[in-house]
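Structure assessment
Listed here are the chains, written in short residue letters.
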Amino acid sequence: MNKSEKKNNIMLIGFMGAGKSAVAQGMNRLYGMEVAEMDSLIEEKEGMTVNDIFAARGEGYFRDCETALLRELAGRSGLVVSCGGGAVLRPENVALMKESGLVVLLTARPETIYQRVKDSRDRPILNGNMSPAYISQLIEKRREPYSRAADITIETDGKTIEQVCRELGEKAGCSEMTRQEVFPI
Ligand code: S3P
């Protein structure tokens, strides 16, 4: 694919609790980008929660759903996509993300991640493993696939959603590709 065919989507990647969903919403409010929340879209299509898909069909099936959805999203433009935290684990998915647009890695320290996700029961990967030590170890294991996939990286520790979105908007040149509507988040 040559450069002019590349779509202008923003693909948000990163560990669970890195802020992908919140930043996607912020990009919608600040720049009018359309949000695609991968987990929710898969839940809608399958008619089940992510927890239930893992339990009834297994992780492999869920990963297939992610690949099929990324293929679909790669044909669209002007989206900010909140990718599931494990979507980068398949090289095929990373290729689809790159085809879609700019791949943006959001990072946070393990303790920050733990504080953000500790009360949630919606993530099968963490259910039964909810501890800073487990999170830290899994982040370490995924460090390489995340950094290999990323075009740019934004640290989120100590920043508001709005600050992260404005930093991303600047780096991605969002004012050019979208309507700019500013209001407090
Ligand atoms: C997963 C992350 C989740 C969801 C599923 C698996 C992972 O998405 O796709 O529970 O393997 O990291 P979020 O990163 O949006 O929580």
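Description of the structure in this document. (Residues numbered from 1 in each chain as written. Predicted model: local features only at pLDDT ≥ 70, side-chain atom pairs only at ≥ 80, totals over all residues. Heavy atoms only, no water.)

**Some thoughts on the layout of surface pockets**
Computed from the structure, the largest pocket encloses a volume of approximately 670 Å³. M16, G17, S21, D39 and R123 are, among the 36 residues lining the largest pocket, the residues nearest its centre. It is helix α1 (residues 20-31) that provides the largest number of residues to the lining of the largest pocket, a total of 4 residues. Residue classes in the lining of the largest pocket are distributed as 13 nonpolar, 12 polar and 11 charged. Considering only enclosed or pocket space, the second largest pocket measures out at about 240 Å³ in volume. Taken together, 16 residues make up the lining of the second largest pocket; nearest its centre are T107, A108, I139, R143 and Y146. In terms of residue count, the dominant contributor to the lining of the second largest pocket is helix α7 (residues 132-149) (6 residues). (1 Å grid on protein atoms, 1.4 Å probe; cavity = no way out; pocket = protein on both sides within 12 Å on 5 of 7 lines; lining within 4 Å. Points joined across faces, edges and corners; volume = space filled by probe spheres on them. Helix = DSSP H or I, 4+ residues; strand = E, 2+ residues; numbered from the N terminus. Nonpolar A, V, L, I, M, F, W, Y, C, P; charged D, E, K, R; others polar.)

**Observations concerning the nonpolar core**
One finds I10, L12, I13, M27, C83, M97 and L168 to be the most contacted residues of the largest nonpolar core, which totals 57 residues. Not counting the four nearest positions on each side in its chain, M27 is found in contact with I10, G32, M33, V80, C165, L168, G169 and C174. (Core = buried A, V, L, I, M, F, W, Y, C linked by side-chain atoms within 4.5 Å. Buried < 20%, exposed > 50% of the residue type's maximum accessible area, 1.4 Å probe, protein only. Contact = heavy atoms within 4.5 Å.)

**Remarks on the pattern of salt bridges**
Side chains that differ in sign of charge can pair as their charged atoms come close. Applying the stated criterion across every chain yields a total of 15 salt bridges. We note a salt bridge from R90 to D64, for which the minimum N-O separation is 2.7 Å. One end of the pair, R90, is in the loop between β3 (79-82) and α5 (91-100); the other, D64, is in helix α4 (residues 59-73), with 26 residues separating them in the sequence. Given the relative accessible area of 42%, D64 is considered partly exposed. Between K118 and D119 there is a salt bridge, with its nearest N and O atoms 3.8 Å apart. Of the residues examined, K118 reaches a relative accessible area of 26% and is grouped as partly exposed. The class of D119 is exposed, set by a relative accessible area of 65%. Salt bridges sharing common partners tie together E59, R63 and E66. (Salt bridge = Lys/Arg side-chain N within 4 Å of Asp/Glu carboxyl O.)

**Digging into the site of the ligand**
Neighbouring the ligand are 14 residues, the closest being K20, D39, R63, R123 and R142. Surface burial for the ligand is 97%, taken as the share of its 390 Å² of free accessible area covered by protein chains. Mapping the ligand onto the cavity grids shows that it belongs to the largest pocket. Ranked by residue count, the leading element in the shell around the ligand is α4, at 3 residues. Tallied by class, the residues present in the shell around the ligand amount to 5 nonpolar, 3 polar and 6 charged. (Near = heavy atom within 4 Å. Areas by Shrake-Rupley, 256 points an atom, 1.4 Å probe, with all protein chains shown as cover. Sits in = over half its atoms within 2 Å of the grid points.)

**What to know about the sheet that holds strand β2 (residues 34-37)**
Judged by pairing direction, the sheet is parallel, and its 5 strands sit side by side in the order β2-β3-β1-β4-β5 without closing on themselves. Two strands bound the open sheet, and with one partner strand each, they are β2 and β5 (152-155). Strand after strand, the sheet turns through a mean of 25 degrees between neighbouring axes, direction not considered. By the bridge criterion, 4 bridges tie strand β4 (residues 101-107) to β5 in an arrangement that is parallel. Across the sheet, residue L105 finds its bridge partner in β5, namely T153. Helix-sheet contacts for α5 involve β1 (9-13) and β4, and the interaxial angle to β4 is about 115 degrees. (Pairing = 2+ DSSP bridges. Axes fitted to C-alpha atoms, helices over the stretch in contact; angles between N-to-C directions.)

**Quick look at the environment of V35**
You can see V35 is positioned in strand β2. For the pair V35 and S82, spaced 47 residues apart in sequence, the C-alpha to C-alpha distance is 7.6 Å. In this structure, V35 is in contact with A24, Q25, N28 and V80, ignoring residues within four places of it in sequence.

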